[in-house]
Amino acid sequence: MRRQLIETSAIEVANQVRAVEDSIEAALIELAELQLRMIRARSIAGVGMTTGHAALEQVATALNSLVTARGGMAACHTELLAELTNCRTAMMLASDALR
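Residues numbered from 1 in each chain as written. Predicted model: local features only at pLDDT ≥ 70, side-chain atom pairs only at ≥ 80, totals over all residues. Heavy atoms only, no water.

Quick notes on the pattern of salt bridges
- Counting across every chain of the model gives two salt bridges.
- Taking the shortest distance from any N to any O, the salt bridge between E25 and R70 comes out at 2.6 Å. Note that E25 is positioned in helix α1 (residues 2–45) and R70 in helix α2 (residues 53–98), a separation of 45 residues in sequence.
- Judged by its relative accessible area of 35%, E25 falls in the partly exposed class.
- Of the residues examined, R70 reaches a relative accessible area of 43% and is grouped as partly exposed.
- Ionic pairing is found between R37 and E33, a salt bridge with its closest N-O pair at 2.5 Å. Placement of the pair is R37 and E33 together in helix α1, with a separation of four residues, close to one helical turn. (Salt bridge = Lys/Arg side-chain N within 4 Å of Asp/Glu carboxyl O. Helix = DSSP H or I, 4+ residues; strand = E, 2+ residues; numbered from the N terminus. Buried < 20%, exposed > 50% of the residue type's maximum accessible area, 1.4 Å probe, protein only.)

Encoded structure:
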């Protein structure tokens, strides 16, 4: 029973990690598209480079922050995989000890 609860929890965590990773990547795509549209709109309007520059810098900052978050989630994913391996090893050893 306990083993099944642990396995179910691990699957739920894995699914949530993947969902978060997918959400971050989707947001990165949206921000990159926003940058493109902002630059294109400025060009089409024929206005100077300073027009909208502060806003473009803010979008770039948000994009960089999401890249950092993406790296953090990648590190989290790696750490969780290592912990899962450790837990499986401990469960096997405990199972063998009970036999």
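Notes on the side chain of Q35
- Its place among the elements puts Q35 in helix α1.
- Judged by relative accessible area, Q35 falls into the buried class, the value being 18%.
- Among all residues touching Q35, those that are not within four sequence positions of it are L56, V59, A60 and L63. (Contact = heavy atoms within 4.5 Å.)

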